[in-house]
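Single-letter residue listing:
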Amino acid sequence: MHMLIYALVEASIRDEAPAAGSSAFDRLVGVAPDADSVFDSYVTFDETDVTGVGEGWWGERPAAAPVESGAGEDLLEAGWEATIEAFEQNLVAVREGLDELDDEAIMRDEDLVRHACHNFGAYRGPSIVLYDEYGRGIRNRERLDRILDGVESCWIVPADVHY
């Protein structure tokens, strides 16, 4: 499966932002020596020699955009809305599963309730859409605001990931 994820990175010029984003994405696919893989692969939108992924899958996106630009605001809004949607879907699945299923059914992962619990508690992976420059998931608005307020020049870098 494919999904769009976004890294929020600090960069003083446009050319630095995609590289900083790739560093975060490398951690998420296990390229960095201290990282565990949560995605199989990624393609950034500055890679034009690939077909069927990235721009070929999602359409045109900037390789990186300042968060305070129109394109950056659009990417950030899309990322945050996807974060909320994933949270709410998993929360509903967890609540319904715990209310409706007995312990044995939950243990068997009936209705994928254990899977929903895993996604609900995840810090990285398919239920997380926004990441910082170190590949750490951004799971709540307070953390997002701290990141946005804590850097002088914040850029958002999108990537198409496969999992």
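Computed from a predicted structure; not experimentally measured.

### Describing the nonpolar core
- Formed by 36 residues in total, the largest nonpolar core has its most connected members in I5, L8, F25, F39 and I156.
- For this core, the elements supplying multiple residues, two or more each, are β1 (2-10), α1 (16-28), α3 (70-100), β4 (130-131), α6 (141-150) and β5 (154-162).
- When residues of this core are assigned to their parent elements, the largest contribution, seven residues, is made by β1.
- Excluding its chain neighbours within four sequence positions, the residues that come into contact with I5 are F25, L28, F39, I128, V129, Y131, V157, P158, A159 and V161.

### Concerning α6
- All of the buried residues in α6 are R143, L144 and I147. Buried residues along α6 cover an arc of 100° about the axis, so they all sit on one side. Among the exposed residues of α6, those pointing more than 90 degrees away from its buried face are E142, R146 and D149.
- Buried positions along α6 lie against β1, α3 and β4.
- Put simply, N140 is the residue that caps the front of α6, since its side-chain oxygen is 3.2 Å from the backbone nitrogen of E142.

About the cut-offs
- Residues numbered from 1 in each chain as written.
- Predicted model: local features only at pLDDT ≥ 70, side-chain atom pairs only at ≥ 80, totals over all residues.
- Heavy atoms only, no water.
- Core = buried A, V, L, I, M, F, W, Y, C linked by side-chain atoms within 4.5 Å.
- Buried < 20%, exposed > 50% of the residue type's maximum accessible area, 1.4 Å probe, protein only.
- Helix = DSSP H or I, 4+ residues; strand = E, 2+ residues; numbered from the N terminus.
- Contact = heavy atoms within 4.5 Å.
- Arc of directions from axis to C-beta.
- Polar contact = N/O pair within 3.5 Å; in protein donor to acceptor, adjacent residues only side chain to side chain.

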